[in-house]
Amino acid sequence: MLVLLAVLGTVASACAACSTDVDCALNGVCAADKECACFVPWQGPNCTRLHLLPAAPTLPYQDLTSTTWGATATFDPESQLYHLFTAEMVNHCGLLAWETNSQIIHATSPHATGPFERRDVSIGVFSHNPYALRTPAGTWLLFHIGTGEEQRPPCSASGCSNGTTHKCETSAHAKLLQNTTAPLLHTAPRPEGPWTPVPLKTSDNSNLTCNNPGPLLLKNGSMVLVCSGKSPDHPFLVYMAPSWHGPYTLLPFAPHNFDTTMHNEDWFLFQDPRGNFHVLTHWQFGHADGPCPGSNGFCGGHFFSTDLINWHWAWQAAYNGDVLFTNGSTIFFTCRQRPHFVYDPSGAVPVALLNGASHFARHPGGDYSFTLGQPIAQQ
């Protein structure tokens, strides 16, 4: 499936001094008058702000007894349903127990923003950070971290309730993530499974390891995979393969105008109609006085590139923690991470933004979280 941004030629007005399209974050064009003209759904002086609409009060996925974190939702032409995959903390624990209690579950809905109904467990403990794709041939790909086999006993139900962790000792998550033989990918003929682990190889026949995988399947069948990087000036790694099977080759990485004080994670890679590449992120620990006003430094970051090698950084947040709802209320979400677009059935137009979120209103000071969805403007 080729992931596209919007219908080419649909433009929203904006005003900013620019010299090239890079000054418009590749989300618009630098017009003859040296002002950015933004493609829908981007707006702002430099086309860096995602135009989001009021969200429905009913969340896409929320379990009042268990925490979930992050989600992808993909349309299936066979079932005519959207299939959501999210990380669920077993034993009714909260997000603080993700290192030991996370499993990946599957839910469905006829609508892109849900509500989704839980169906089954796709991959057991320990598995986390799910990212599901459907190939044109109908094979389902589920990228993730963890082996899907328990590596230590999870936090017990006696220390958790209603999606909140009260008492649980956990080891450093690095112990769970540094298993070089762990499968990065499970595949299945249907979204219900059965899921089969598929080890992936690099071009030198080594096992591919990838934290926070962000895959993109291109129209020509090749696969691009973004993984967590090494430093603020090399925040993510970019791999390329002739197909999702591999082998995966690490591409060169050239940063431009990066802020080396920033920290990013949770990579969502997509391609726009002009062929440019973009990575939305969970941006944290940035400048306290500007990019995330009112959001404690946590908001949506944005990298962009024309060639998957030269990457630029957008200095304005794509979104922050404030969400307007259709009932007129506004809620500030202390945590709004793991961004993902949901696309229309054609796979070409993004219709909603999903995030793992929490506002701590239900359990003050707790770690209860859920899936937040907000529609994306179409004009």
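All residue numbers refer to position in the chain's written sequence, counted from 1. The model is predicted, so local features are restricted to residues of pLDDT at least 70 and side-chain atom pairs to those at 80 or more, both for listing and for counting; the totals for chains, interfaces and linings are taken over all residues. Derived side-chain values reflect all non-hydrogen atoms in the structure, with water molecules and hydrogen atoms excluded from consideration.

1. Quick look at the pairing of strand E28 (residues 350-358)
Accessible area is worked out with a 1.4 Å probe on protein chains only. A residue is then buried under 20% of its type maximum, exposed over 50%, and partly exposed in between. The helix count covers DSSP runs of H or I at least four residues long, the strand count covers runs of E at least two residues long, and both are numbered beginning at the N terminus. For E28, a buried count of eight out of nine residues is recorded, marking the element as mostly surrounded by other parts of the structure. Pairing of strand E27 (residues 335-343) with E28 involves seven bridges; the strand directions are antiparallel. Within E28, the position partnered with Gln-337 by the bridge is Gly-356. Whether two strands pair depends on DSSP finding at least two bridges between them. Here E27 hands over to E28 after six residues, with Gly-347 in that stretch at a positive phi of 80 degrees. Two strands pair when backbone bridges link them, and E28 and strand E29 (residues 370-375) are joined in this way by six bridges, in the antiparallel orientation. Residue Leu-354 lies in a different strand from E29, and its bridge partner there is Gly-373.

2. Examining the sheet that holds E28
In space, the three strands of this open sheet follow the order E27-E28-E29, with antiparallel pairing throughout. Looking at strand neighbours, the two that pair on one side only are E27 and E29, the edges of this open sheet. Across the sheet, the mean angle separating the axes of adjacent strands is 25 degrees when strand polarity is ignored. Fitting a line to C-alpha atoms yields each axis, with helices limited to the stretch in contact; the angle taken between N-to-C directions then spans 0 to 180 degrees.

3. Side note on the side chain of His-302
With respect to the helices, strands and loops of the structure, His-302 is situated in strand E23 (residues 299-305). We define a polar contact as two N or O atoms separated by no more than 3.5 Å, with the added condition that, inside protein, one atom must be a possible hydrogen donor and the other a possible acceptor, whereas residues neighbouring each other in sequence contribute only through side-chain atom pairs. A polar contact is formed between the side chain of His-302 and the side chain of His-278, at a distance of 2.9 Å. Discounting chain neighbours no more than four positions away, the residues touching His-302 are Ala-25, Asn-27, His-278, Val-279, Leu-280, Thr-281, His-312, Trp-313 and Ala-314. Contacts are assigned to residue pairs that have any heavy atoms within 4.5 Å of one another.

4. Examining the environment of Cys-36
Among the structural elements, Cys-36 can be located in strand E3 (residues 36-39). Of the residues examined, Cys-36 reaches a relative accessible area of 1% and is grouped as buried. C-alpha of Cys-36 to C-alpha of Cys-24: the two residues are twelve residues apart in sequence and 5.7 Å apart in space.

5. Digging into the pattern of salt bridges
Criterion for a salt bridge: a side-chain nitrogen of Lys or Arg within 4 Å of a carboxyl oxygen of Asp or Glu. One pass over the full model with this rule turns up six salt bridges. Across the salt bridge formed by Asp-21 and Arg-274, the nearest N and O atoms sit 3.2 Å from each other. Residue Asp-21 is located in the loop between strand E1 (11-12) and strand E2 (28-30), and its partner Arg-274 is located in the loop between strand E21 (263-271) and strand E22 (277-284); the two are separated by 253 residues in the primary sequence. According to the relative accessible area criterion, Asp-21 is partly exposed, its value standing at 25%. The residue Glu-88 makes a salt bridge to Arg-118 at a minimum N-O spacing of 3.0 Å. You can see Glu-88 sitting in strand E7 (residues 81-89) and its partner Arg-118 sitting in strand E9 (residues 117-123), a full 30 residues away along the chain. Residue class for Glu-88 comes out buried when judged on its relative accessible area of 6%.

6. A short note on the state of the cysteines
By definition, disulfides here are pairs of cysteine sulfur atoms that lie within 2.5 Å. Under the counting rule described, the total for this entry stands at five disulfides. At a sulfur-sulfur separation of 2.0 Å, the disulfide partner of Cys-93 is Cys-160. Note on the Cys-93 and Cys-160 pair: the S-S dihedral is about 80 degrees, so by sign convention the disulfide is right-handed. Taken together, the residues Cys-93 in the loop between E7 and helix H1 (98-101) and Cys-160 in strand E12 (residues 160-161) connect sequence positions 67 residues apart. Judged by its relative accessible area of 6%, Cys-160 is buried.

7. Focus on the environment of Ser-358
With respect to the secondary-structure elements, Ser-358 resides in strand E28. Along the chain, Ser-358 and Phe-370 lie twelve residues apart, while their C-alpha atoms are 6.6 Å from each other. Excluding residues that lie within four positions of it along the chain, Ser-358 makes contacts with Phe-333, Thr-334, Cys-335, Tyr-368, Ser-369 and Phe-370.

Interpretation in functional terms is not warranted from these geometric data alone.
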